[in-house]
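# Examining the three-dimensional arrangement
Listed below, chain by chain, are the residues.
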Protein chains: 2
Amino acid sequence: MPSMLRRLLIGEPLPTQQQAQERLSNFAALAVFASDGVSSVAYATEEILLMLALAGSAGMLFSMPVAIAIATLIAIVATSYRQVVYAYPSGGGSYAVARENLGIIPGQITGAALFVDYVLTVSVSTASGIAAVTSAVPALFEHRVVLCVIAIAFVTVANLRGVRESARVFMFPTYGFMFFLYAMVVAGLYRHFTGAGPAETLPAQSDVTQVYQNASLFLVLRAFSSGCAALTGIECVSNGVQAFREPVSKNASQVLSRLALILGSLFLGITFLSRTFHVMPIHEETVVSQIARASFGHGFFYYGVQMFTAVILILGANTSFNGFPRLARVQALDGFLPRQFANLGDRLVYSNGIIALGVLSSALIVVFRGETHRLIPLYAVGVFLSFTLSQAGLVRHWFKARDEEPRWKSRAFINGLGALVTGVVVVVIAVTKFVHGAWIVVILIPMFVGVFLSIRRHYDAVAQKLSLQGIEPPTDGNNLVLVLVGSVHRGVLGAIRYARSIAKTPESVRAIHIETEANRPRAEFVTRWERYGLGLPLVVLKSPYRNLVEPLMSYIDEALEKEGFDSVTLVLPEFVVGKWYENLLHNQTALWLQVALRNRPNVVIANYRYYL
Amino acid sequence: MPSMLRRLLIGEPLPTQQQAQERLSNFAALAVFASDGVSSVAYATEEILLMLALAGSAGMLFSMPVAIAIATLIAIVATSYRQVVYAYPSGGGSYAVARENLGIIPGQITGAALFVDYVLTVSVSTASGIAAVTSAVPALFEHRVVLCVIAIAFVTVANLRGVRESARVFMFPTYGFMFFLYAMVVAGLYRHFTGAGPAETLPAQSDVTQVYQNASLFLVLRAFSSGCAALTGIECVSNGVQAFREPVSKNASQVLSRLALILGSLFLGITFLSRTFHVMPIHEETVVSQIARASFGHGFFYYGVQMFTAVILILGANTSFNGFPRLARVQALDGFLPRQFANLGDRLVYSNGIIALGVLSSALIVVFRGETHRLIPLYAVGVFLSFTLSQAGLVRHWFKARDEEPRWKSRAFINGLGALVTGVVVVVIAVTKFVHGAWIVVILIPMFVGVFLSIRRHYDAVAQKLSLQGIEPPTDGNNLVLVLVGSVHRGVLGAIRYARSIAKTPESVRAIHIETEANRPRAEFVTRWERYGLGLPLVVLKSPYRNLVEPLMSYIDEALEKEGFDSVTLVLPEFVVGKWYENLLHNQTALWLQVALRNRPNVVIANYRYYL
């Protein structure tokens, strides 16, 4: 990226010492982390209803029981994760816990599950955010893929600017969203208890797809699986403990509890209202949009709900932009991801992780044409798999820490329960949604684990090859300097002088002239060389096939093998023209030689540039 | 191009000393040069008839007078060019003559005219060759553009293999074409004189476009202009005198005369038969195809004519592949084209010119959808412009040579007549075809001249800047060697040793360590450095913004400005991994530094590679 554009988009670089100050207050942290966790209420109810609708209006009777089950799950998972935050205040969340307590493979499975899920969170949140927009403004429906990609690009740039500034971006929308959604729930409940009925007529049931089947247990479990999307985002807090102010654990766990409370209450409220107003899921309008119309009518508050839902969902992607780069950094430091993910960017964020997430999630949106319902089946497997493994890890952790932690038994019990419940959910989700897309994730996760392990193997092999174990410091080297001279002009004088200045002895520097045409006039060359050659011996190599590389290679080989030099420095004079296209007018000899010799051990190429 | 593929397509490289032997016998040379000159009879008559047909069958009465005028022109031009071959046995043809006798601008106008024309020759010949194929096999009509591009690719590769082998490729088709066309003319004349009538019924006149207008003088002149396409290719012999055996001038002029004779007789014969059989030009079938059917019927000889016409026309492009690279070389040696055009390729041909011609003519075919009739109006302006300028140059030449050449007056008269006649033709063509496409060439030629002149200006400026005029040999340089050390491992030991071996004194070599994170553990680094650092002073640069380039740049600047070094060699240790994709797993520090420092005067980067 050209420097100007980069500064404009991302801002001036920050010094490393400012890093510690880039922490969030709890109020700001709730905004950042809740944008994912809470925003899922915008689609979780709809996903449940979509499944239950397959059994017609009879199926709808199951919506509240399913929602209550999911709310209970939220409580269990949040309680479990409060313990993660205390046990691992350094952050790293599920991955760190699983890796430390369960070993490499479960750790990497957790890493892979989280990897998949972060990418999906961005795609799903953005796609539903855009769905909220297109519910309110139907004309935009056909442009949804482009809108999604633009939204992701916006969030990516906000994050490349750094954590403090992004919190500022997200505070107003998150709290605005909470305000409008609670307002909607309260207004709706008021209508319910006063028996006032919906403020507007909703689409009739006849508009709904009529593929009725029995409300079987399997269908209810599928509805439950779909609704589990509501839980995504909860673990992000434990992953990002580093972003909190001191005392980090206390602050993080407080935010986690609030988040769970808001999430659970809004989710139950919305599901309850969907029953009250007999909302059915349809293709063109979201369930929340229908409830908002029923509660408020088509006025200011309706548009407030839609607008803030859209914004919060798009920004919901932001949680992943906080979590993913940090996870990638930890995995990179462990050697399971490319080292570049641990590089701190200009603005003290892990830029490569942010960019990778933006690119991958945009690609997913394009492949799935920006349709939330097609992405949801891929979604929750990874989340719950990482829940299960980290809770299991924590159980082990408490057993190991039983001497320091007096309440280890009750703690182990809580996490054990969490692991058990989420483990059952993983199986339920994988089975009920396997054919609808979960199979992709079931294949992807082991593939990722394989890649992670082979990256680690590569790093281990390199480290071993670079090890100094048993290696003696080297003795002095004996280098031969060769300077390539095509013709004698001002552009090569500097190179000749330079070649002399890096030669230890007068015997270890020579000029090479490659003669490509038998009848080239040489008298002038020799005269000039005598005057300007600074006394360097001139070696003329014949090239019957007009090729520069081969005679030079043979000469170098001989110097290394027979003359006892252990390295050769080839000084290539180059002149640099003013405009790039002027290069088209000159033979790029230096470039070709460089390419040809790039895999030659003990040959060092030194380009000496002369600026015209 | 990967080496294997290159060898397969082009063959083994040839040594430079074989160059003199790569000459053609007259028999072979006629085949090569005639493929363009003679092949134009396949479309020249048709282009005349296409114009005359605008005046209906009355217009056809003018076809023989126009053809006779063109045949006379052929005789005049060929006679003129025989003198070029003697006056300039070194080749270069029209361009060399104009440049030497008329000065830079006329010389470059000739060069530009020839440039445009060589490209057009390839496009037109190929397009009409494919038209002969699609006349015989109508199903291929819609694929003509692809077929043209494939044909050009074939000819390009044949030429990259070298002149001797290409002559072999062209001999059989050229002589085969002559045989079948003479057979057709003889058979047709037999039918004419015996009054036998056509062997097959030809398309009725009602099939022809009915946009009659009067057979005005302008229309006849347009027909003449179109027919002048027959003359293209004549000058190629004078351009390629180098390809003949000794005595080159005598051989070349002999071949030129034969070529003119064959061209003129076939052209007159075909035009005469078109009158005899009342042939009208139609879109789907060529005129020659119709005459062949009328002369032979739809049998073996008909297919012989079509097949050889197709092949000869496609190979007719070959003349340009002989002429253009040689012209480009001469212009490149004069400094008006990029120097690369003067490079002799693996097979002793000027490969860059060959490739450029193949690419440009393919592009033209694609732009004009492979339709001969749309390319023809662009065609002859350039040819005749170069005729005129070279003949005018030759007049001047004879005046200058009047002391050595006793017959200078008659020679000057012949060339003067040639210049006058072809000059008139240029004006006629430019005027009558201006709106139909000649305007493109009228714009292109001055543009090309402008480009040629600015290329020359660039080379002149470079040469002046590189001149040694008044420059003293430099005194000794004082170089500082810096070796960048990130961490101490086996991969950097070689680089440290190398850095020492290119330093003149112990004071002029240092190791640089850039500290990007304030709290990086340093104890291990120092211990290792003490053991493996070979006594090099270690300079630690702090980088608060985690940027490697800026601290390094400042340090280098200071060394150059304050410490009195006049160059800095930066040794960058790099380790080379086994597979290219493994590079993705390592920070490409060396690469980034190289990019950042590439425009830094007096800094030489030496990559020291360690192979894992």
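Worth saying up front: this structure is predicted, and the values here are computed from it rather than measured. Along each chain, residues carry numbers from 1 onward, in the same order as the chain's sequence is written. Going through the entries in the order they are written, you letter the chains from A and number the ligands from 1. Predicted model: local features are reported for residues with pLDDT of at least 70 only, side-chain atom pairs are reported and counted for 80 or more only, and whole-chain, interface and lining totals are derived from all residues. Side-chain numbers come from the whole structure's heavy atoms, not from hydrogens or water.

The contact criterion used throughout is that any non-hydrogen atoms of two residues lie within 4.5 Å. Counting from both sides, the interface comprises 77 residues of chain B and, opposite them, 77 residues of chain A. Here the buried area means the combined drop in accessible surface, using a 1.4 Å probe, for two parts upon being joined, counting both sides. For the pair chain B and chain A, the summed buried area comes to about 6700 Å², and 55% of that belongs to carbon and sulfur atoms. Three residues, Leu468(B), Arg546(B) and Leu585(B), lead the burial of chain B against chain A; their summed loss comes to 11% of the area buried on that side. A pair is scored as a salt bridge if a Lys or Arg side-chain nitrogen falls within 4 Å of a carboxyl oxygen belonging to Asp or Glu. On the surface where chain B and chain A come into contact, there are six salt bridges. Across the salt bridge formed by Arg500(A) and Asp476(B), the nearest N and O atoms sit 2.8 Å from each other. Helical segments are the DSSP runs of H or I of at least four residues, strand segments are the runs of E of at least two, and each set is numbered from the N terminus. Among the secondary structure elements, those contributing two or more residues to the side of chain B that touches chain A are helix H18 (438–466), helix H19 (490–501), helix H20 (523–532), strand E4 (567–576) and strand E5 (603–611) of chain B. The dominant element in the side of chain B that touches chain A, judged by the number of residues it contributes, is E5(B), at eight residues. Residues were grouped as follows: Ala, Val, Leu, Ile, Met, Phe, Trp, Tyr, Cys and Pro as nonpolar; Asp, Glu, Lys and Arg as charged; and all remaining residues, including Gly, as polar. For the side of chain B that touches chain A, a count of residues per class yields 35 nonpolar, 24 polar and 18 charged.

In screw terms, the move from chain B to chain A is a rotation of 180° and a rise of 0.1 Å along the axis, fitting with an RMSD of 0.2 Å. Given the turn and translation reported, the copies of this chain are related as if by a two-fold rotation axis. Both copies present the same face, since 100% of the interface residues in chain B are matched by interface residues at the equivalent positions in chain A. Copies are brought into register by a least-squares superposition over C-alpha atoms of residues with pLDDT of at least 70 in both.

This brings us to the pattern of salt bridges. Residues and elements named next belong to chain A. Scanning all chains against the criterion turns up 25 salt bridges over all chains. As a salt-bridge pair, Arg144 and Glu371 come within 3.2 Å of each other at their nearest N and O atoms. Of this pair, Arg144 sits in helix H8 (residues 144–160) while Glu371 sits in the loop between helix H15 (351–367) and helix H16 (372–400), and the two are 227 residues apart along the sequence. Each residue is assigned to one of three classes by its accessible area relative to the maximum for its type, calculated with a 1.4 Å probe on protein chains only: buried under 20%, partly exposed between the two thresholds, exposed over 50%. For Glu371, a relative accessible area of 24% translates into the label partly exposed. The network of salt bridges with common partners includes Glu200, Glu285 and Arg293.

So, on to helix H19 (residues 490–501) of chain A. The span you would expect from a helix comes to 1.5 Å times its residue count less one. Here H19(A) is 12 residues long and its end C-alpha atoms lie 18 Å apart, about the 16 Å a rise of 1.5 Å per residue gives. Of all the positions in H19(A), only Gly491(A), Val492(A), Leu493(A), Ala495(A), Ile496(A), Tyr498(A), Ala499(A) and Ser501(A) are classed as buried.

Moving on, we come to the pairing of strand E3 (residues 538–542) of chain B. Residues and elements named next belong to chain B. Residues of E3 alternate between two faces, with Val539 and Leu541 buried on one and Leu538, Val540 and Lys542 left unburied on the opposite face. Across five bridges, strand E2 (residues 509–515) lies against E3 in parallel orientation. Residue pairing in the sheet places Glu515 in a bridge with Lys542 of E3. Only strands that DSSP links by at least two bridges are regarded as paired with each other.

To continue, consider the packing of helix H16 (residues 372–400) of chain B against H18(B). All names here are of chain B. At a minimum axis separation of 7 Å, H16 and H18 run at an interaxial angle of 45°. In terms of orientation, H16 and H18 fall into the oblique class. Along this stretch, H16 crosses H18, giving a crossing that reads as right-handed. Every residue of H18 that contacts H16 at Pro377, Leu378, Val381, Gly382 and Leu385 is listed here: Ala438, Ile440, Val441 and Ile445. Between the N-to-C directions of two axes lies an angle of 0 to 180 degrees, each axis being a line fitted to C-alpha atoms and, for a helix, fitted only over the stretch in contact. Small angles under 35 degrees read as roughly parallel and large ones over 145 as roughly antiparallel, with 65 to 115 read as roughly perpendicular and the rest as oblique. Crossing handedness: left-handed means the near helix sits turned counterclockwise from the far one by under a right angle, and right-handed means the same turn made clockwise.

Moving on, we get to helix H14 (residues 300–333) of chain A. Residues and elements named next belong to chain A. The terminal C-alpha atoms of H14, which comprises 34 residues, lie 50 Å apart, in line with the 50 Å expected from a rise of 1.5 Å per residue. Most of H14 is tucked away: 26 of the 34 residues are buried. A positive backbone phi angle near 90° is found at Gly335, which sits one or two residues after H14.

Before going further, it helps to examine a nonpolar patch on the surface. Where nonpolar side chains cluster on the molecular surface, the patch consists of Phe434(A), Val435(A), Trp439(A), Val442(A), Ile443(A) and Met447(A) and spans about 580 Å² of accessible area. Structurally, Met447(A) is set in helix H18 (residues 438–466). In this scheme, patches are assembled from residues that exceed 30% relative accessible area and form no salt bridge. Like charges are connected within 9 Å, while nonpolar side chains (Val, Leu, Ile, Met, Phe, Trp, Tyr) are connected within 5 Å. To be clear on the numbers: accessible area is Shrake-Rupley with a 1.4 Å probe, and residue cover counts the displayed protein chains and nothing else.

Here the focus is the nonpolar core. Membership of the largest hydrophobic core comes to 140 residues, with the highest contact counts inside it found for Ile70(A) and Phe384(A). At 13 residues, H14(A) tops the list of elements feeding residues into this core. Apart from residues lying up to four places away in sequence, Phe384(A) is in contact with Leu73(A), Cys228(A), Leu231(A), Thr422(A), Val425(A), Val426(A) and Ile429(A). Think of a nonpolar core as a cluster: buried Ala, Val, Leu, Ile, Met, Phe, Trp, Tyr and Cys residues, connected wherever their side-chain atoms sit within 4.5 Å. Core analysis: the second largest hydrophobic core is formed by 138 residues, Val155(B), Val241(B), Val330(B) and Ile429(B) among them.

To continue, consider the packing of aromatic side chains. Only rings of Phe, Tyr and Trp enter the pairing, Trp through its six-membered ring, and a pair is recorded when the two centres are within 6.5 Å. The plane angle decides the type: under 30 degrees is stacked, over 60 is edge-to-face, the rest tilted. Under the counting rule described, the total for this entry stands at 39 aromatic pairs over all chains. Taking the centre distance of 6.1 Å and the plane angle of 75° together, the rings of Tyr118(A) and Phe324(A) count as edge-to-face. Taken together, the positions of Tyr118(A) in helix H7 (residues 104–136) and Phe324(A) in helix H14 put the pair 206 residues apart, joining distant regions of the chain. A relative accessible area of 2% places Tyr118(A) in the buried class. Each ring, one from Tyr302(B) and one from Tyr303(B), has its centre 5.1 Å from the other, and the planes form 75°; the classification is edge-to-face. Classification of Tyr302(B) by relative accessible area gives buried; the value is 1%. Site record: aromatic cluster; members linked through ring pairs are Phe172(A), Phe179(A), Phe180(A), Phe296(A), Phe300(A), Phe301(A) and Phe308(A). The rule is short: NZ of Lys or CZ of Arg within 6 Å of the ring centre and within 35 degrees of the ring normal puts a charge over the ring. The ring centre of Phe141(A) lies 4.6 Å from the NZ or CZ of Arg144(A), which sits over that ring.

We now examine the confidence of the model for chain A. Overall, the predicted model of chain A reaches an average pLDDT of 85, with 93% of residues at or above 70. Two summary scores accompany this predicted model of the complex, namely pTM at 0.72 and ipTM at 0.74. Each residue carries a pLDDT value, the predictor's own confidence for that position, ranging from 0 to 100.

Right, let's get into the pairing of strand E4 (residues 567–576) of chain A. Residues and elements named next belong to chain A. Here strand E1 (residues 479–484) pairs with E4 via five bridges, running parallel. The residue of E4 that forms the bridge with Val481 is Thr569. Pairing of E4 with strand E5 (residues 603–611) involves nine bridges; the strand directions are parallel. Across the sheet, the residue bridging to Phe575 is Tyr610, located in E5.

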